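The chain contents come next:
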Amino acid sequence: MEEGQEDETLERASLETAEKKEEGEEELRSLLLPDMKDVPPTPPSAVESNFVRYFAADFMKPGHDQFVYRHANGLCVIGLAPTHVALREKGGVTAVDYNVGKSDRSEMKVTGKRKRNAQHFESNSALCKVCANDTFYIGRCCVKGSLLEVNDRLIKQPDLLNSSADREGYIAIIMPKPADWLKIKDSLLSHEDYRKLRSL
Amino acid sequence: MEETREILSRTALSLPSPHVVLDLLSVGVCPRCIFRLFGVHGQAYCCSAITASVLQSFLEEQKSCDNGTVENRLVSDGLVRCSYTSQESEDDHAYCCICLGVLQLACQQDRKMLTTSKEGSIDDFTATIAELVKRENHHIDGFSIEVSIPPVIVANERAVWMYMKKKYNCEDWFKDKIPSQHISVKDALRLSINTSLENHLGVKSGVDLFRIRLNYSHLDASRMLQSSLANNHTCKRQKTDKKDNRDSLDDSHKSNLKNSNEHLCSESDSVILRTLESMLDHAFCEHFVIPPEKALKPCLLTTTCYRMPIYIGGRYLKFSRRVSQSCWIIDDERMGEASVEEIVGSNALLVCKGDNYKFHAAGREDIDVRMLGSGRPFLVEVSNAHCMPSMIDVQLIAEKINNSDKKYVRVRNLKLVNNQAWTLMREGEAEKQKQYAALVWTSRALTEEDLHSISSRKDLDIIQRTPIRVLHRRSPLERKKIIHWMNIERIAGSCQYFLLHLCTQAGTYIKEFVHGDLGRTHPRFL
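Residues numbered from 1 in each chain as written. Chains lettered and ligands numbered in written order. Predicted model: local features only at pLDDT ≥ 70, side-chain atom pairs only at ≥ 80, totals over all residues. Heavy atoms only, no water.

S.K.: Looking at this model, I keep getting lost on the overall build of chain B. Mind explaining?
M.R.: Along the backbone of chain B there are 17 helices and 19 strands. Taken over 526 residues, chain B has a buried fraction of 47%. On chain B, roughly 28000 Å² of surface is accessible, and the fraction owed to carbon and sulfur atoms is 51%. (Helix = DSSP H or I, 4+ residues; strand = E, 2+ residues; numbered from the N terminus. Buried < 20%, exposed > 50% of the residue type's maximum accessible area, 1.4 Å probe, protein only. Areas by Shrake-Rupley, 256 points an atom, 1.4 Å probe, with all protein chains shown as cover.)

Have a look at this one:
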């Protein structure tokens, strides 16, 4: 008699767990599915959300427009802005070379949390040579700081500059000191001002 | 009286002849040290009545008996009524030359003498300890005694053995008594005070998280030890230097000596003990006083009590995108509205009445990422909990967290765990596969083909360079990761928004896998 009762209790217990499980799953689903009213039709891109976009127009030479995407952690992604003359050449960009005479920028190896072996550059230091329509254009740092990384994918896939110069076609990542950033910040254009300047 | 005699009689069986023990008493060794040197066990330690004078009288009686008796050393009935004459020893204010007062329970506490008489009562001693436990509001079910004594006591004991060796080497009994039979000062102290302390505290002693720490120190004696060791070190150096044919009066050599002496002054206890152990008998006898001098001041005792850390574990869920996992404050400014660490930790600390807490989780998520489903395993380590939480107390902690008006965090399966859970958590962090759900938007409309091609990919290998958002504080590396499976769940009313369910290897950066991190994660989703 007692055994029978025990079985019932056990069964109930297992039923309860299954029910609870279903409840839990329902709750999870409702949490995961967003309320479509709260969701924008076109959300900002990852770059827009994570970086503040600055631009250097006619940097050292007319038509040499570059971008500086600054992350909240201080790191700056450098690249050619969409209005850079190199990107308007016939046939587009055909080659990228990080060997700029003084050294091959793609050869440095930065290691560790403290970023040792990182070379320090001025804002006008050359980073790479971009070849388009048999003409060479120099991509520069724009920001004074330590060079953390160059986009070596550009060496094998220079076409990235033609398809997405403002994203996967970035040139390098630089880490400026806070003081150096403050000095240069005001000489750069905001995204809005850049668009106005170039009538975009 | 009778009891004392009985105890002494039984004890005497382990001791050598009375003349030896009397000699040790006159040299300045206290009764408890004598007992433990010869491996005595039992009640002899907690009998407060056994003072140096009582022991002395008993032994002198035995000695005169021995001179008459033929075979054994048992006291015969006829002498029960002998009266004791307590002979005041010359140095009334000196303490045991080995334990420096530790086993005599006569020690300095906070610059006040615990007791004016040379031998303190066990009861008074343990009463003071019990008072401390009560004063600090500890709720205990048991206790464990930790004792720390200065290394000079080890040197003193060896000096006494050397003394005995010199004097009694030829005697038969000496060959039987090996130093290894002895009981340590720490154990002897425990034997002396355990029962009395149990009575005062109302709980048993044993392996327990609640520790009573008796920390003894003796500055003068320790300094003397340092200089003896320094002299030994100097002698050794001089001997090796002579071998090198160097002029020992050389200026540089003198400064070397000075440096090495200062160096020895700051040695830790374990180093000192090792040095003592490695010293050969003849070297020891050269640099140490044999037998050791009597101490004019006893040890300084610092008593502390605390509970070893306890662990409360469970799983947490995080419902807010503005709450970080761990307390995040930069330049006195709090980032985010709250932290899981503080919500869970502060509630646990309150109920356990602890001093401090540490929060450990098996992995982590960003502040803007929710933690749902079964939850993430975590441990809260509470140090010096004054109240050991019961199952109900732990439930109370969970309720406080789950019923708070700000529905940031919830906990599940909260319970008291032991240290083992710690290793399991660390393992879980690295080995397990993790499951995620991401709300994704694409610029082109989703097709059925997309759904199929995504769900058909199993164990996809990806390479992730250190994401830019953490590159400032992590090493630039390339990490290989595996995406075990992916599923797209359509959302009603949209062809560009959808839910991506995925299961990946631990340590995968999900956001970067979806947007590609400017090509630094490859391949990326879609």
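S.K.: Explain the packing of helix α5 (residues 122–135) of chain B against helix α8 (residues 185–201) of chain B to me, please; I cannot follow it from the model alone.
M.R.: Geometry of a packed helix pair, given as the angle between the helix axes and the separation of the axes. Residue and element names in this part refer to chain B. For the pair α5 and α8, the least separation of the axes is 9 Å and the interaxial angle reads 50 degrees. Classified by the interaxial angle, the pair formed by α5 and α8 is oblique. When you trace α5 past α8, the crossing you get is right-handed. Residues Ile122, Asp123, Phe125, Thr126, Ala127, Ile129, Ala130 and Val133 of α5 touch α8, and the partners they reach there are Ser192, Ile193, Ser196, Leu197, His200 and Leu201. (Axes fitted to C-alpha atoms, helices over the stretch in contact; angles between N-to-C directions. Parallel < 35°, antiparallel > 145°, perpendicular 65-115°, else oblique. Left-handed = near helix turned anticlockwise from the far one by under 90°. Contact = heavy atoms within 4.5 Å.)

S.K.: Would you mind showing me how to read the environment of Met162 of chain B here?
M.R.: Residues and elements named next belong to chain B. Mapped onto the secondary structure, Met162 falls in helix α6 (residues 152–168). For the pair Met162 and Leu471, spaced 309 residues apart in sequence, the C-alpha separation works out to 65 Å. Look past the residues within four positions of Met162 in its chain and what remains in contact with it is Asp281, Phe284, Cys285 and Ile290.

S.K.: Is there a simple way to explain the packing of aromatic side chains in this structure?
M.R.: Aromatic rings in a pair are described by how distant their centres are and how their planes are angled relative to each other. The final tally for this structure, using the stated rule, is 12 aromatic pairs over all chains. With centroids separated by 6.2 Å and ring planes inclined at 45 degrees, the aromatic side chains of Phe51 of chain A and Tyr69 of chain A adopt a geometry described as tilted. In this pair, Phe51 of chain A sits in strand β1 (residues 51–56) while Tyr69 of chain A sits in strand β2 (residues 66–71), placing the two residues 18 residues apart along the sequence. Note on accessibility: Phe51 of chain A and Tyr69 of chain A belong to one class, buried. Taken together, a centroid distance of 4.4 Å and an interplanar angle of 10 degrees make the contact between Phe284 of chain B and Phe288 of chain B stacked. (Phe/Tyr/Trp six-rings, centres within 6.5 Å; stacked < 30°, edge-to-face > 60°.)

S.K.: What's the story with the sheet that holds strand β14 (residues 409–417) of chain B in this structure? I'm lost.
M.R.: Picture the strands of a sheet paired through backbone hydrogen bonds; they go either parallel or antiparallel. Residues and elements named next belong to chain B. The strand order across the open sheet formed by 4 strands is β12-β13-β7-β14, and the pairing between neighbours is antiparallel. Here the strands that pair on one side only, and so sit at the sheet edges, are β12 (356–361) and β14. Shown here is a sheet whose adjacent strand axes are inclined to one another by a mean of 25 degrees, direction ignored. Pairing of strand β7 (residues 310–318) with strand β13 (residues 371–383), which is carried by 8 bridges, proceeds in the antiparallel orientation. The residue bridging Gly313 from the neighbouring strand is Leu379, located in β13. In this fold helix α13 (residues 340–352) packs onto β7, β12, β13 and β14, with an angle of close to 135 degrees to the strand it touches most, β12. Where helix α14 (residues 391–402) meets the sheet, its contacts fall on β7 and β14, and the angle it forms with β14 comes to roughly 170 degrees. (Pairing = 2+ DSSP bridges.)

S.K.: Whenever I open this one, the interface of chain B and chain A confuses me. Can you help?
M.R.: Many analyses report the size of an interface as the accessible area lost when the parts associate. Listed as interface residues are 30 residues of chain B and, on the opposing side, 35 residues of chain A. Here chain B packs against chain A, burying approximately 2700 Å² in sum over the two surfaces, 63% of which is carbon and sulfur. By the criterion of area lost to chain A, the three top residues of chain B are Arg465, Tyr497 and Leu518 of chain B, representing 23% of everything that side buries. At the boundary of chain B and chain A, one finds 6 salt bridges. (Buried area = accessible area lost by both parts, 1.4 Å probe. Salt bridge = Lys/Arg side-chain N within 4 Å of Asp/Glu carboxyl O.)

S.K.: Just to check I follow, could you spell out the confidence of the model for chain B for this structure?
M.R.: Atomic detail in the predicted coordinates should be set aside for any region of low pLDDT. Residues and elements named next belong to chain B. Of the residues in chain B, 86% have a pLDDT of 70 or more, and the chain-wide mean is 85. Low confidence marks residues 70–91, where pLDDT is under 50. Its contacts with residues over four positions away, or in another chain, come to 33 contacts. Here the predicted complex scores 0.79 on pTM and 0.88 on ipTM. (pLDDT = per-residue confidence, 0-100.)

S.K.: In this structure, what is going on with the side chain of Arg479 of chain B? I would like to understand it.
M.R.: Residue and element names in this part refer to chain B. Counting through the fold element by element, Arg479 comes out in strand β17 (residues 478–490). Although Arg479 lies buried, it forms no salt bridge, and the closest oppositely charged side chain, Asp517, sits 9.2 Å away as judged by the N-O distance. Engagement of the side chain of Arg479 in a polar contact is seen with the side chain of Thr466, the distance being 3.0 Å. With sequence-adjacent residues up to four places away left out, Arg479 is seen in contact with Ile462, Ile463, Gln464, Thr466 and Arg474. (Lys, Arg positive; Asp, Glu negative; His and termini not counted. Polar contact = N/O pair within 3.5 Å; in protein donor to acceptor, adjacent residues only side chain to side chain.)

S.K.: Sorry, what's going on with the nonpolar core here?
M.R.: One recurring pattern in soluble globular proteins: nonpolar side chains tend to sit buried together. If you look at the biggest cluster of nonpolar residues, it comprises 85 residues, and the most contacted ones within it are Met164 and Tyr216 of chain B. Sorting elements by how many residues they give to this core places α6 of chain B first, with 10 residues. Residues contacting Tyr216 of chain B, with those up to four places away along its chain left out, are Val102, Cys107, Phe125, Val147, Ser148, Ile149, Pro150, Leu189, Cys299, Leu300 and Leu301 of chain B. By size, the runner-up hydrophobic cluster in this structure holds 50 residues, among which are Met108, Tyr137, Cys142 and Ile171 of chain A. (Core = buried A, V, L, I, M, F, W, Y, C linked by side-chain atoms within 4.5 Å.)

S.K.: What exactly am I supposed to notice about the packing of helix α2 (residues 18–27) of chain B against α6 of chain B here?
M.R.: All names here are of chain B. For the pair α2 and α6, interaxial distance at closest approach is 12 Å and the crossing angle is 135 degrees. With respect to α6, the axis of α2 lies oblique. Between α2 and α6 lies a crossing whose hand is right-handed. Contacts between α2 and α6 involve His19, Val20, Asp23, Leu24 and Val27 on the former and, on the latter, Val160, Tyr163, Met164, Lys167 and Tyr168. Of the residues that constitute the contact of α2 with α6, the class distribution is 7 nonpolar, 1 polar and 2 charged. (Nonpolar A, V, L, I, M, F, W, Y, C, P; charged D, E, K, R; others polar.)

S.K.: Honestly, unusual backbone geometry in this entry has me stumped. Any pointers?
M.R.: Backbone phi values are negative for most residues with the exception of glycine, while trans is the configuration of most peptide bonds. All names here are of chain B. Across the junction of Ile290 and Pro291, the peptide omega takes the value -5 degrees, indicating a cis bond. In this fold, Pro291 is placed in the loop between α12 (281–287) and β6 (300–307). Across the junction of His522 and Pro523, the peptide omega takes the value -5 degrees, indicating a cis bond. Topologically, Pro523 is positioned in the segment after β19 (521–522). With a phi close to 65 degrees, Asp332 is a non-glycine residue in the positive phi region. Secondary-structure assignment places Asp332 in the loop between β9 (329–330) and β10 (333–334). Accessibility expressed as a relative area gives 80% for Asp332, which makes it exposed. Here the phi dihedral of Asp459 falls at roughly 50 degrees; this positive angle occurs in a residue that is not glycine. Residue position: Asp459 is located in the loop between α16 (448–456) and β16 (460–465).

S.K.: What is the right way to look at the pattern of salt bridges in this model?
M.R.: Two side chains of opposite charge can pair, provided their charged atoms sit close to one another. The full count for this structure, using the stated rule, is 37 salt bridges over all chains. In this structure, the salt-bridge partner of Arg36 of chain B is Glu157 of chain B, at a minimum N-O distance of 2.7 Å. Taken as a pair, Arg36 of chain B in helix α3 (residues 31–37) and Glu157 of chain B in helix α6 lie far apart in primary sequence, 121 residues in all. For the residue pair Arg36 of chain B and Glu157 of chain B, the accessibility class agrees, reading buried in each case. Each of Glu149 and Asp152 of chain A together with Arg465, Glu478, Asp517 and Arg520 of chain B takes part in one network of salt bridges that share partners.

S.K.: Before we go on, may I ask you to explain the pairing of β7 of chain B in this structure?
M.R.: Two faces belong to every sheet, and in a regular strand the side chains alternate between them. Residue and element names in this part refer to chain B. Of all 9 residues that make up β7, 8 are buried, and the element is covered over most of its length. Of the strand pairs in this sheet, β7 and β14 are connected by 7 bridges, and their pairing is antiparallel. The partner of Tyr311 across the bridge, within β14, is Val417.

S.K.: For this particular structure, what's the right way to read α13 of chain B?
M.R.: All names here are of chain B. If you check α13, its first and last C-alpha atoms are 18 Å apart, about what 13 residues at 1.5 Å a residue would give, namely 18 Å. Taken across its 13 residues, α13 has 11 buried, putting it largely inside the fold. Taken from the residues just after α13, Lys353 is the one with a positive phi, measuring 50 degrees. (Expected span 1.5 Å × (residues − 1).)

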